Amino acid sequence: MSEVSQTRPDSRPAQRSPAAAEVPIGDIGGAVAPAVVYPTAFLEGAAVIVVEIAGARALAPFFGTSLQVWTAQITVTLLFLALGYGLGGLLARRIRPWTLAALFGVAGLWLVFYPLMRTPLLDFASSRLGVAMGSLLSAALLFGVPLLMLGAVSPVLIAYIDRRRPGAGSAAGRLFFTNTMGGLVGGWVTAFVLIPHSSLRWSLMSCGLGLLLLALLWVLLTRSRAVSAIGAMLAIAAAVFILHQPSRAFVDRHGTSFELRHSAQSGIGLLQVLDYPYSRQMLINGVVQSEMDRATGRSVRSDSRLDYIHNLHLVSHSHHPRAATALQLGLGAGLLPKELALRGVKVTAVEIEPQMLALARAHFDLPGEIDVRIADGRSFLRRDGTKYDLIFLDTFASESTAWYLLTTEAFAEMKQRLNPGGRLVINTVAYADPKKPGLERVEATLRAVFPEALVYPEPIGAEAIESDPEQLINATLVAGERLEAQMVLPDASYRMTSLAQLLSTARPAGAESVAMTDDRSDLDYAQAPLRVRWRTLIWNALESNLLWD
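Note that the structure is a prediction, hence the values are computed from the model and not measured.

**Student:** Mind laying out the packing of helix 9 (residues 308-319) against helix 10 (residues 335-342), listing which residues take part and the relevant values?
**Tutor:** Between helix 9 and helix 10, the least distance of the axes is 9 Å, while the angle of their chain directions is 40°. Between helix 9 and helix 10 lies a crossing whose hand is right-handed. Touching Ile 309, His 310, Leu 312 and His 313 of helix 9 are Leu 335, Leu 336, Glu 339 and Leu 340, all from helix 10. Within the contact of helix 9 with helix 10, the residues separate by chemical class into five nonpolar, two polar and one charged.

Now the structure itself:
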């Protein structure tokens, strides 16, 4: 603890240490300092959490939302905060009047420049470095500097308090409590205000502008000569705010132009609706989740290849042609419920993101008779006592699926909600080459709960597999008792040859792998190569300026 002037028993003033005497702390008096220091700590803590959460969301359209991406963002946050604490400790030895203003100013200006750096950097890193290294480097370059500066703030603030009222331990306790409370508020504001109601661009830039204003406040309070530098930073920030507008002229990498009808952040990622000349697509973080034929209002299909919606419909009808009720976990654009409703099935859909329901109603003509519940799938299964003939599991958000819906406990809860003879039908993604791994854990987990399970890979032909062994396809899994597919079509719009080709791909689900549980699931690691491949295909197909909020 630094020595400061105190009253001793002999009433003689204590001698100041040379280090303490050299510390310029401006004109903030002891009575005023807490009123400035603690709110500053609160705002700094809030800013850190805004950068951490919004930063991970900014990476998602290019890298997805897998465990690798979140790990990269958390690693960068902790690393640069730790480096910042070390930097702050060095700065606290000799505080200049402009020290805090400089820290806030650099952090704020860096965030204001975020929209200018984001797309070129993420486009480069994603196309050359892959998911793991690309997301780590991108997070470090985009957010490392502001996190470093903000990490240095707390030690400097503690030094301010300690120079006026000795007792670094007590000061640190109070300050870190305040700082953490700011982080809690910042997290809630980011999750429930900024992300649902604003773009990431404006959220991060506004955070940067707020830090610049905080820098200006400290310049004025300490009567520093750096006021002109902070003023210049604010002028640059204002120019970026006013002049920067991302391009809205969209052409994909195949040269096809399209219209962006909707683009907004949500609780599950960046939601977008695209209009091509003949189809309408829904994307989550750059991944096409559904594609509707604009002429028919149904899922896109051709004579040579059906999409996963039609495969799910055909397989489920073949295994349970008399099904009257269905539960769909994961609404998407609502194209499967539309197909089911056309054959008279009463559908209940569970969707965790309210915006998804709004988009399905507004842009994909989801019928009003489809009963949609806004809830988490597992929570709904536990409290819902209804039984169904069919349960569909299709909960992809970008290229990742919710792992906790693919455990033995989750499948057991789904089994309890099935009527006698009911079927669980799962949509997932696999390599086209059957020799490559990918589905073993899901299959083994199904077999641990259900007496029978079948896998129906999307039929694409041996030549396609030979030309690209790592080509990805949708696969349909069916679980239940006494599984036997019948050659019956749901309606006259389907061809018997398409059904026969799909059913010919059936194979029994394997049970050799380790079943996943709520306590232990390594699905993110096991399927990491598959998801990297999927993300690579997205990078090669989409123009990067589309992945903007």
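**Student:** Mind laying out helix 16 (residues 496-503), listing which residues take part and the relevant values?
**Tutor:** Taken together, the buried positions of helix 16 are occupied by Ser 498, Leu 499, Leu 502 and Leu 503. Buried residues of helix 16 fall within an arc of 125° about the axis and therefore sit on the same side. Looking at the packing, one finds that the buried side of helix 16 touches helix 9 and strand 12 (452-457).

**Student:** Give a description of the packing of helix 13 (residues 408-416) against helix 14 (residues 440-449) that names residues and reports values.
**Tutor:** Between two packed helices, what matters for the description is the angle formed by their axes and the separation of those axes. Where helix 13 contacts helix 14, the two axes come as close as 9 Å, and the packing angle between them is 50°. Compared by their axis directions, helix 13 and helix 14 come out oblique. Seen from above, helix 13 lies across helix 14 with right-handed handedness. Where helix 13 abuts helix 14, its residues Thr 408, Phe 411, Ala 412 and Lys 415 lie against Val 442, Thr 445, Leu 446, Ala 448 and Val 449. Counted by class, the contact of helix 13 with helix 14 contains six nonpolar, two polar and one charged residues.

**Student:** Give a description of the sheet that holds strand 4 (residues 287-293) that names residues and reports values.
**Tutor:** With antiparallel pairing, four strands are arranged side by side in an open sheet as 1-2-3-4. Since the sheet does not close on itself, it has two edges, and those belong to strand 1 (259-266) and strand 4, each with one partner. Sheet twist, expressed as the average angle between the axes of neighbouring strands with direction ignored, equals 15°. Across five bridges, strand 2 (residues 269-275) lies against strand 3 (residues 279-284) in antiparallel orientation. Each bridged residue has a counterpart across the sheet, and for Leu 271 the counterpart in strand 3 is Ile 284. Along the sheet face, helix 11 (residues 354-363) touches strand 1, strand 2, strand 3 and strand 4 and points at about 160° away from the line of strand 1.

**Student:** Any chance you could break down the packing of aromatic side chains for me, citing the residues and the numbers?
**Tutor:** Taken as a whole, this structure holds two aromatic pairs when the rule is applied. Between Trp 403 and Tyr 404, the ring centres sit 6.2 Å apart and the planes meet at 85°, which makes this aromatic pair edge-to-face. Since its relative accessible area comes to 28%, Tyr 404 is described here as partly exposed.

**Student:** Describe the environment of Asn 419, naming the residues involved and giving the relevant values.
**Tutor:** Here Asn 419 shows up in strand 11 (residues 418-431). The class of Asn 419 is partly exposed, set by a relative accessible area of 23%. Sequence separation of Asn 419 and Thr 386 is 33 residues, and the distance between their C-alpha atoms is 9.2 Å. If we skip the residues at most four places from it in the chain, Asn 419 touches Thr 325, Lys 387, Tyr 388 and Asp 389.

**Student:** Give me the lowdown on the nonpolar core, citing residues and values where you can.
**Tutor:** Ranked by internal contacts, the top residues of the largest apolar core, which has 64 residues, are Leu 100, Phe 104, Phe 143 and Trp 218. Going through the elements one at a time, helix 2 (33-63), helix 3 (67-91), helix 4 (99-112), helix 5 (114-164), helix 6 (168-197), helix 7 (200-222) and helix 8 (227-243) are the ones with two or more residues in this core. Ranked by residue count, the leading element in this core is helix 5, at 19 residues. Discounting residues that sit within four places of it in the chain, Leu 100 has contacts with Val 153, Val 156, Leu 157, Tyr 160 and Trp 218. Among the nonpolar cores identified, the runner-up in size contains 41 residues, and Ala 326, Leu 359, Phe 392 and Ala 397 belong to it.

**Student:** Which residues make up unusual backbone geometry, and what values do they have?
**Tutor:** Of note, the phi angle at Asp 365 is positive, near 55°, even though the residue is not glycine. As for its placement among the helices and strands, Asp 365 is situated in the loop between helix 11 and strand 7 (371-374). Of note, Arg 482 is a non-glycine position whose phi angle comes to about 45°, a positive value. Residue placement: Arg 482 occurs in the loop between strand 13 (472-480) and helix 16.

**Student:** Can you break down the pattern of salt bridges residue by residue, with the values?
**Tutor:** This model, assessed by the stated rule, comprises 11 salt bridges. The partner of Arg 298 in a salt bridge is Glu 339, and the shortest N-O contact between them spans 2.5 Å. In this pair, Arg 298 is assigned in the loop between strand 4 and helix 9 and Glu 339 in helix 10, connecting sequence segments 41 residues apart. Residue classification places Arg 298 among the buried residues on the basis of a relative accessible area of 19%.

**Student:** Tell me about the side chain of Arg 280, and name the residues and values.
**Tutor:** For Arg 280, the position within the fold is in strand 3. Using a relative accessible area of 11% as the deciding quantity, one classes Arg 280 as buried. A polar side-chain atom of Arg 280 sits 2.6 Å from a polar atom in the side chain of Asp 275. With residues near it in sequence (within four places) discarded, Arg 280 still touches Arg 261, Val 273, Leu 274, Asp 275, Ser 290, Glu 291, Met 292, Arg 294, His 363 and Phe 364.

**Student:** Explain the confidence of the model for the protein chain to me, using residue names and the numbers behind them.
**Tutor:** Scored by pLDDT, the protein chain has a mean of 80; 85% of the residues are at 70 or more. With pLDDT under 50 throughout, residues 1-32 is counted as low confidence; its partners more than four residues away or in other chains account for 39 contacts.

**Student:** Explain the pairing of strand 8 (residues 388-393) to me, using residue names and the numbers behind them.
**Tutor:** Here strand 8 lies mainly inside the structure; six of its six residues are buried. Here four bridges tie strand 5 (residues 325-329) to strand 8, and the two strands are oriented parallel to one another. Across the sheet, the residue bridging to Gln 328 is Phe 392, located in strand 8. Here five bridges tie strand 8 to strand 11, and the two strands are oriented parallel to one another. For Leu 390, the partnering residue across the bridge sits in strand 11 and is Arg 423.

About the cut-offs
- Residues numbered from 1 in each chain as written.
- Predicted model: local features only at pLDDT ≥ 70, side-chain atom pairs only at ≥ 80, totals over all residues.
- Heavy atoms only, no water.
- Axes fitted to C-alpha atoms, helices over the stretch in contact; angles between N-to-C directions.
- Helix = DSSP H or I, 4+ residues; strand = E, 2+ residues; numbered from the N terminus.
- Left-handed = near helix turned anticlockwise from the far one by under 90°.
- Contact = heavy atoms within 4.5 Å.
- Nonpolar A, V, L, I, M, F, W, Y, C, P; charged D, E, K, R; others polar.
- Buried < 20%, exposed > 50% of the residue type's maximum accessible area, 1.4 Å probe, protein only.
- Arc of directions from axis to C-beta.
- Parallel < 35°, antiparallel > 145°, perpendicular 65-115°, else oblique.
- Pairing = 2+ DSSP bridges.
- Phe/Tyr/Trp six-rings, centres within 6.5 Å; stacked < 30°, edge-to-face > 60°.
- Core = buried A, V, L, I, M, F, W, Y, C linked by side-chain atoms within 4.5 Å.
- Salt bridge = Lys/Arg side-chain N within 4 Å of Asp/Glu carboxyl O.
- Polar contact = N/O pair within 3.5 Å; in protein donor to acceptor, adjacent residues only side chain to side chain.
- pLDDT = per-residue confidence, 0-100.

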